Every structure is written in C-alpha cells, then in structure tokens.
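An overview of the molecular structure
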Amino acid sequence: NIIKVYDVVEHEGRPVAVMQYLSGGDLEAQSKLPVDKWLPQIGSALDYLHLNKLVHRDVKPANIFFDSHRTPYLGDFGIVKPLAGAGTGFSTLHGGTQTGFALGTPKYMSPEAVEGRELDGRSDQYALAIIVYERLAGRMPFDAETPAHIFAAHLTAKPRPLSEIDGRYGQAISDVLNRALAKRPEERFGGCREFAKAVLESLAVPLPAKADARSEKTPPTPSPVPPPVVPTPTPPLTPTPRPPALEQNELVSAEVSSADPTRPRAGTMRDAISRLPWPVWATTAGVAVALVVVLSLIVAASRSSRGPSEPSPVATVEPAPTVSPEPEKPAETVVPVEDVTTPEPPEEPAVEEQMPEPEEPTETAAPVEEITVSFTVREENASGRLLQGAVVEVFSRESADGPAQSLGRGNSDAQGHVSLVLRPTPAQQAQGEFRATVRLNTARKIYRLAGFPQRQNFLFYLPRPTPPPLAVAPFSPQQARRHQEAWADHLGKPVEVTNSIGMKLRLIPPGEFMMGSPEDEEDRRDNEGPQHRVRITRPFYFGVYQVTQEEYEQVMGTNPSYFSRGGGGSDRVSGLDTSRFPVERVSWEDAMEFCRKLSALPAERSAGREYRLPTEAEWEYACRAGTTTRYHFGNDLTSDQARFDQCWDSGRPVPVGSYSANGFGLFDMHGNVWEWCSDWYASDYYANSPVDDPKGPASGSNRVLRGGSWLIAAGGCRSACRSWLRPGPRSFSLGVRLALVPADE
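Quantities reported herein were computed from a predicted structural model and do not represent experimental measurements. (Residues numbered from 1 in each chain as written. Predicted model: local features only at pLDDT ≥ 70, side-chain atom pairs only at ≥ 80, totals over all residues. Heavy atoms only, no water.)

1. With respect to the packing of aromatic side chains
Applying the stated criterion across every chain yields a total of 18 aromatic pairs. Residues Phe540 and Phe542 carry aromatic rings whose centres are separated by 6.0 Å and whose planes lie at 65° to one another, so their mutual orientation is edge-to-face. Of the two residues, Phe540 and Phe542, both sit in the buried class. Look at Tyr562 and Phe563: their rings are 5.0 Å apart centre to centre, the planes differ by 85°, and that puts the pair in the edge-to-face class. On the basis of relative accessibility, which here comes to 0%, the residue Phe563 falls in the buried class. Members of the aromatic cluster, connected to one another through ring pairs, are Phe375, Tyr447, Phe458 and Phe460. The ring centre of Phe189 lies 4.0 Å from the NZ or CZ of Arg179, which sits over that ring. Its end group placed over the ring of Phe540, Arg612 keeps NZ or CZ at 6.0 Å from the ring centre. (Phe/Tyr/Trp six-rings, centres within 6.5 Å; stacked < 30°, edge-to-face > 60°. Buried < 20%, exposed > 50% of the residue type's maximum accessible area, 1.4 Å probe, protein only. Lys NZ or Arg CZ within 6 Å of the ring centre and 35° of its normal.)

See the structure below:
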C-alpha cells in the first residue's frame with residue numbers, strides 16, 4: 001500500500017520520479033469512504049515505512065491515493081526523513097533537514113514536529129489520528145485562521161470529544177483518538193496498525209484480515225520490486241513567505257537551533273512554544289509561513305500538558321531603596337504655615353515638650369468665642385512629605401496645676417491639612433497654655449502653640465513611624481491578612497479601596513520571598529531559575545479582580561472582548577451578562593493606555609491615585625501570598641480552583657471572582673486570562689536580578705505575561721511560570737490586572 005517508484009530521471013535539469021499510476025483520486029475525493037476501507041492499509045504502510053527507519057512527516061488526506069478499485073496507497077514522500085542513526089543510504093534531505101528543522105502541513109503536524117524535535121513513527125500516527133477524527137467528526141480537531149494558532153493548539157489544546165459532536169459515537173472512540181493525539185509520543189499507540197485496530201474495535205467494525213491487494217494495471221516492474229525511493233530535489237528547500245491563511249495541503253518549514261535534542265532549549269522552537277503564555281494574535285495580516293518569525297514569538301507554558309494553549313503565537317527590575325535611616329531632625333519649633341519658606345521665630349520659642357499623656361478632659365465653662373485654627377503636618381525629614389491621617393488634638397488648662405482639657409481633634413487630609421474650631425474659655429486664654437498632640441500610628445509629638453490665639457496657622461513635623469516588619473515568606477493566609485492590616489495602620493490607609501469606577505484593590509505589604517521555581521518542581525522551565533530571593537520594599541495596591549469588560553468600557557469607551565455580545569465569540573456567551581467577565585484582547589500597549597486614562601479621571605486625580613502595571617516580581621509575590629507551592633493553594637490544580645485547560649473550540653473565561661481568593665484577598669491569580677506585567681522579558685534575567693524591587697531588563701522586544709488562562713494546561717498556570725509576547729498583539733486570552741501606588745508613596 002505504498003505507491004511504487006519505478007525510476008528517477010532528469011528532465012530539463014530537474015529530477016522526475018516515474019511512479020505507479022492511480023486514477024481513484026485522493027482521500028479528499030473519496031470523502032464518503034468509511035475509515036475501515038483505508039485505515040488498516042495505510043496504518044500498515046506507515047508501519048512498514050517506520051520499520052525501514054523512515055518517517056513520512058506529511059501524512060494527510062491529499063497524500064493518500066486510490067486506484068480504480070478503491071485500494072488505498074500512501075504517497076508523496078517529498079519530505080520523508082530517516083530516523084536518527086538509520087542506515088538508509090541517505091543522511092540528508094533538502095539540504096540537510098534534521099532535528100531542529102520543522103517541516104510539514106500545519107493541520108497535521110505533531111507537537112514534536114512543531115517544536116523541531118527528533119521524530120519517530122508516532123509523529124505519523126498523530127497525523128493519521130487527525131485524519132480519522134476529521135473523517136468521523138466532519139471537522140478538524142485543531143483548526144484556526146493562521147499556522148501559529150494551529151501550532152498552539154497542537155501543543156496544548158484538547159480535541160473536543162466525538163460524543164459531543166455526534167451522538168452516534170461513544171466514549172470508546174474518543175479514548176482511542178485522545179491516546180493517538182497525546183502530546184507526548186510515549187503515550188500514543190505502539191504502531192499505526194495497532195491504532196487502526198483500536199479505532200475499528202471502538203467503532204465495532206471487524207478488522208480486515210489482510211489489506212486489499214488489487215491494483216490497476218501498471219507498467220512492468222523490475223524484479224524484485226525495489227523499496228520506496230525518496231527522491232532528493234536538487235535545490236535546497238528554503239522557507240518562503242506566504243499569506244497568513246494556509247490551505248490544508250500547503251507545507252510550512254522553520255529552522256530551529258539545535259543543542260540538546262533530549263530537552264527544551266532556549267532559542268529553539270520547543271523553547272519558543274513550550275514557554276508560551278499563548279495569547280492569540282487577533283491580527284493575522286502579515287503572518288508568514290517562514291515560521292521562524294512566527295514561532296519565535298510563541299512563548300512557553302507547560303512541559304507535561306504543554307502548558308499554555310491559546311489559538312495563536314505568543315505568548316514572554318533596577319533596585320529600589322529599602323526603608324532608610326531617618327535623616328537628621330529639623331529644629332523642633334512651631335512656625336506659622338505662611339512662614340514655612342522663611343520661618344520667623346515666634347515671640348516665645350515654641351519647643352517640643354515631652355509630657356505625660358493628657359488627662360481626661362473635664363467640663364469647662366461656656367466658651368466666649370470660636371477660633372478656627374489650621375494645622376499642616378509634614379514628615380520630619382529632608383522630603384518634608386505631607387502626611388495624611390495624622391491626628392491633631394489641642395489641649396489647654398485653666399490653671400497651672402489644673403487637668404488638661406481637649407478643645408478639639410481632627411485628622412489631616414491628603415494635603416496634610418486639618419482645620420479645627422476651638423472654643424477656649426476666658427480662664428484658658430488667661431492661662432495661655434495651649435498644647436497640641438500630633439500622632440500618626442506609633443509616631444507622636446507634643447507641641448506648645450506659641451502665640452495662640454493670635455497666631456492661627458501652624459506647621460508640625462512628625463517623625464516617620466517605625467514601619468512594621470516585612471512579610472517574609474513562608475507565611476499563612478491568616479498571617480498575610482495581619483501583615484496587610486499592620487501596614488494599612490502604619491500608612492493610615494484602608495486594606496481595601498474602591499475607586500471611582502467601582503474597581504477594588506487590596507493593599508500588598510512589603511515582603512520577601514523566593515522568586516522562581518526549585519529545580520525539582522513539576523513542569524518547571526529553565527527561565528524560572530535560578531530561584532532567588534526578592535524583597536519588595538514598598539507597599540502597593542493590587543486589583544482584587546482582573547479588569548472587567550464593564551470597567552474597561554467605562555474608561556476606554558469600547559469593549560474589545562471576543563467573549564462579549566458584540567465579539568466573535570458571542571455564541572459562547574449567549575444569554576449571559578458579560579459585564580463581569582474579564583476584558584480580553586488587550587495588548588500591552590492597550591493596558592498601558594488604560595492605566596493612563598484611568599489615572600486621568602477627575603475623581604482619581606483628585607484622590608492622588610496613579611495606576612500602573614505590576615512588575616513581574618510584584619505579580620509573583622502577590623500571587624504566592626506567602627506560599628512556596630506550585631499554586632497559592634497547593635501543588636495541584638483542579639477545576640474547582642481555577643478556570644484552565646478548556647477545550648479549544650468550546651471553552652471561554654468565566655466572570656471574575658468565580659473561585660476562591662488567595663491569602664492577600666486576590667481572585668483568579670491562576671487561569672482565566674493572562675495578565676500583563678510592566679517588565680521587558682529576558683530568559684536569563686533571574687541570574688542577574690537585584691534583590692530589592694527588580695524591574696526587569698532595561699530593554700527588550702517582548703513583555704512579560706503571568707498567570708495562565710482558560711485555555712492553558714495546569715503547568716502554565718503555576719505561580720512561577722513565565723511567558724512573554726510582543727507589546728502589540730491582542731488575544732482572546734490576554735487580560736490585565738492593575739497596580740496602584742499609595743498616594744503618599
């Protein structure tokens with residue numbers, strides 16, 4: 001069942017094969033022919049090929065031919081490849097095709113062929129299984145508009161079960177096809193004939209005892225008939241650009257550097273794809289079949305289950321100072337606000353006094369007059385930062401030995417200002433002893449108000465409070481919340497804020513953790529090491545949820561999401577309110593523009609809120625929330641914990657907050673949609689990363705993506721998994737989560 005080659009001659013300077021003539025057309029033309037009429041024979045032909053140390057590499061309907069009696073034959077050995085170490089008499093093909101060179105028809109290429117790794121007969125079995133699936137289901141198991149989308153599916157997506165497509169098929173045939181379409185070759189059948197037998201048994205079709213040997217009349221052949229000959233074209237085959245949409249019969253090729261053929265390598269197609277966060281290009285114009293370019297953009301996801309699986313290619317920090325010692329304190333005097341620039345000494349020095357805590361106020365005589373006094377509170381260092389949330393309380397006595405009585409208390413606003421209306425009694429004014437306590441968390445001072453009540457504007461300096469300790473991992477969810485509360489109290493801010501568009505953000509305290517993954521972690525990639533200590537020295541707020549479609553549209557005036565009423569995937573969300581679905585098809589550039597526009601809203605500007613993308617270090621620290629496991633809830637990921645590993649053609653994201661939060665109160669840190677980080681990507685950055693507040697390389701061509709998506713396998717959703725993509729592409733699995741710097745930071 002292999003087309004015979006009788007001779008190879010040269011015609012007008014080009015090699016020509018003289019072959020057996022078959023008039024029945026190919027499998028495309030025999031669309032009504034049941035699988036049992038051709039599958040066993042083609043399976044046997046492939047096993048014979050593999051027995052002779054050859055791999056076909058382009059098994060597809062267009063290369064299965066029939067004679068007039070509908071006897072099937074395997075043909076088109078134009079890109080056949082000898083197995084490693086095979087003594088076939090020819091060691092090169094097309095100018096030296098070998099491991100590290102991907103060649104084939106995208107819809108039928110095995111994962112190992114896409115990655116340019118060493119092939120064996122199980123790669124042909126994978127292609128044969130796709131043909132069977134296509135003939136039974138009437139559709140491809142993995143299909144998309146561009147080769148890059150198709151490659152992503154081969155590497156990570158699961159085919160939809162036949163029983164869901166056609167009720168005539170049961171689970172048995174789905175199990176057989178899933179085994180033959182396994183991402184790992186070792187999980188497939190031992191041979192193509194074995195696969196064919198399993199298919200027919202699952203369909204309750206008897207296996208033919210022997211392939212039909214009838215054939216059409218052919219020219220006389222030498223005796224014995226030589227084995228199949230694979231002609232070698234004279235000119236070497238080189239990749240050439242093609243339009244983005246490929247016909248089923250078109251071949252693609254891409255060269256990949258080869259180092260260690262037994263494992264993924266940086267710079268290889270395996271590295272380019274197995275590390276992918278797999279968001280998808282929504283713009284396909286200009287995609288070339290010279291997939292050196294396409295595949296170099298595809299990033300990593302999973303080794304066991306191939307990680308990220310999105311329909312297209314895709315998806316790839318300068319130290320900040322720690323809390324420094326306090327500078328020398330300024331002179332502790334109280335001066336009028338208007339004299340801050342050039343202070344004038346008061347008539348009587350207003351010096352800080354170390355006093356005991358004032359006694360409880362007692363009843364005073366009825367006030368004679370009201371006096372409005374203004375106070376401004378600044379940090380006692382060179383920056384003189386305005387302090388929000390400082391408590392200012394004014395006390396007085398009616399006699400030298402009388403009890404201290406409170407005249408009023410207030411909290412400073414974002415500009416460090418507090419205004420009090422005081423009603424001192426005549427006795428208090430006569431006594432002339434007015435003091436103010438100023439405190440913020442653990443910092444406290446007592447000042448004498450020299451010149452009051454004639455002087456009614458005062459400037460106070462308050463030392464920076466001693467910060468709480470860093471949150472050093474590992475720590476529990478309960479400890480994570482205590483760290484948040486301690487830092488919120490220290491900053492005089494809430495643990496959770498809600499902005500003007502309803503977006504919620506949680507305070508992430510400074511802390512230390514081990515970034516990356518240990519060498520023995522399952523599904524680990526080389527770019528996740530070496531594992532190293534990182535210290536986040538500054539607090540920041542981080543989105544409780546991924547940005548929703550409703551929030552994005554409020555700010556940008558448009559909703560780009562594929563899974564929305566007006567999107568390309570509207571059929572998958574029919575009847576659903578997608579306002580709380582994560583916004584997707586957001587590029588890095590879109591995410592940055594969203595940050596700028598949100599920060600510019602009047603309500604956000606007046607509140608002093610400035611939004612940005614998190615650094616990669618901030619993202620992993622916030623995701624882990626003190627944990628050291630593969631995911632923030634342990635070492636295993638189930639469908640009850642995250643949205644991931646969905647079917648290629650029927651899956652979708654879910655509304656934000658559909659699963660449990662981590663210790664910091666953040667939802668959906670694993671799966672649903674990928675999240676952009678501010679960093680440029682470099683695979684070896686961890687080797688040179690600073691300890692304090694790393695921000696990624698100074699330059700690059702790709703930006704970092706984290707978290708995995710609804711389409712990605714579990715390994716690509718781990719806390720340590722790194723992916724990347726160019727800043728411009730959009731995908732229906734690319735989303736965003738925002739960071740916010742506290743106003744006084």
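2. Digging into the nonpolar core
Judged by nonpolar contacts, the single largest core of 46 residues is most densely connected at Trp38, Leu128 and Phe195. Within the residue set of this core, elements represented by two or more residues are helix H1 (39–51), strand E4 (64–66), helix H3 (121–137), helix H6 (171–180) and helix H7 (192–202). If we skip the residues at most four places from it in the chain, Phe195 touches Leu39, Gln125, Leu128, Ala129, Val132, Val176, Leu177, Ala180 and Phe189. Of all hydrophobic cores here, the second largest spans 37 residues; its members include Leu505, Cys595, Ala642 and Ile712. (Core = buried A, V, L, I, M, F, W, Y, C linked by side-chain atoms within 4.5 Å. Helix = DSSP H or I, 4+ residues; strand = E, 2+ residues; numbered from the N terminus. Contact = heavy atoms within 4.5 Å.)

3. Topic: the pairing of strand E24 (residues 703–706)
Both faces of E24 are covered, namely the face carrying Arg703 and Leu705 and the face carrying Val704 and Arg706. As defined by bridge partners, strand E23 (residues 674–680) adjoins E24 across three bridges and the pair is classed as antiparallel. Directly across from Trp680, in E24, lies its bridge partner Arg703. Two elements, E24 and strand E25 (residues 723–725), share three bridges in a ladder whose sense is antiparallel. Paired with Leu705 across the strands is Ser723, a residue of E25. (Pairing = 2+ DSSP bridges.)

4. Remarks on the packing of H6 against H7
At a minimum axis distance of 8 Å, the contact between H6 and H7 shows a crossing angle of 165°. With respect to each other, H6 and H7 are oriented roughly antiparallel. Crossing of H6 over H7 shows left-handed handedness. Between H6, through Ala172, Ile173, Val176, Leu177, Arg179 and Ala180, and H7, the contact on the second element is made entirely by Glu194, Phe195, Ala198, Val199 and Ser202. Partitioning the contact of H6 with H7 into residue classes produces eight nonpolar, one polar and two charged. (Axes fitted to C-alpha atoms, helices over the stretch in contact; angles between N-to-C directions. Parallel < 35°, antiparallel > 145°, perpendicular 65-115°, else oblique. Left-handed = near helix turned anticlockwise from the far one by under 90°. Nonpolar A, V, L, I, M, F, W, Y, C, P; charged D, E, K, R; others polar.)

5. Some details on a nonpolar patch on the surface
Where nonpolar side chains cluster on the molecular surface, the patch consists of Val9, Val16 and Val18 and spans about 180 Å² of accessible area. You can see Val9 is positioned in strand E1 (residues 5–11). Judged by its relative accessible area of 35%, Val9 falls in the partly exposed class. (Patch = residues over 30% accessible without salt bridge, like charges linked within 9 Å, V, L, I, M, F, W, Y side chains within 5 Å. Areas by Shrake-Rupley, 256 points an atom, 1.4 Å probe, with all protein chains shown as cover. Salt bridge = Lys/Arg side-chain N within 4 Å of Asp/Glu carboxyl O.)

6. With respect to the confidence of the model for the chain
Looking at the chain as a whole, the pLDDT averages 77, with 74% of positions reaching at least 70. Mean pLDDT values for the elements of the chain range from 33 in helix H9 (residues 291–297) up to 98 in helix H15 (residues 616–624). Under a pLDDT of 50 for its full length, residues 85–101 has, in the predicted model, 42 contacts with residues more than four places off or in other chains. In this model, residues 206–367 is a region of pLDDT below 50 whose contacts with residues beyond four sequence positions or in other chains number 490 contacts. (pLDDT = per-residue confidence, 0-100.)

7. Topic: the pattern of salt bridges
Side-chain pairs of opposite charge can arise where the charged atoms are in close proximity. Here the structure, examined in full by the defined rule, presents 33 salt bridges. Note that Asp166 is salt-bridged to Arg168, the shortest N-O span being 2.7 Å. On the basis of relative accessibility, which here comes to 19%, the residue Asp166 falls in the buried class. Its salt-bridge partner being Arg580, residue Glu551 comes within 3.9 Å of it at the nearest N-O pair. Residue Glu551 is found in helix H12 (residues 549–556), and its partner Arg580 is found in the loop between H12 and helix H13 (588–600); the two are separated by 29 residues along the sequence. Each of Glu616, Glu620, Arg624, Arg706 and Arg722 takes part in one network of salt bridges that share partners.

8. Describing the sheet that holds strand E9 (residues 371–379)
Ordered by their spatial adjacency, three strands build an open sheet running E12-E9-E15, and the pairing between neighbours is mixed. The open sheet has two free edges, formed respectively by strand E12 (417–422) and strand E15 (457–462), since each of these has just one partner strand. Recorded for the sheet is a direction-independent mean angle of 25° between the axes of neighbouring strands. When E9 meets E12, the two strands line up antiparallel, connected through six bridges. Residue pairing across strands places Ser374 opposite Ser419, the latter belonging to E12.

9. What about the sheet that holds strand E16 (residues 471–472)?
Spatial strand order, E16-E19-E20: three strands in an open sheet with mixed pairing. At either end of the open sheet lies a strand with only one pairing partner, and these are E16 and strand E20 (532–536). Where E16 and strand E19 (residues 511–515) come together, two bridges link them in parallel fashion. Its bridge partner lying in E19, Val472 is registered against Glu512.

10. A closer look at the environment of Tyr681
Mapping Tyr681 onto the fold places it in the loop between E23 and E24. Assessed through its relative accessible area of 11%, Tyr681 is described here as buried. It is 9.6 Å that separates the C-alpha atoms of Tyr681 and Arg726, two residues lying 45 residues apart in sequence. In terms of polar contacts, Tyr681 uses its side chain to reach the side chain of Asn527, at 2.9 Å. (Polar contact = N/O pair within 3.5 Å; in protein donor to acceptor, adjacent residues only side chain to side chain.)

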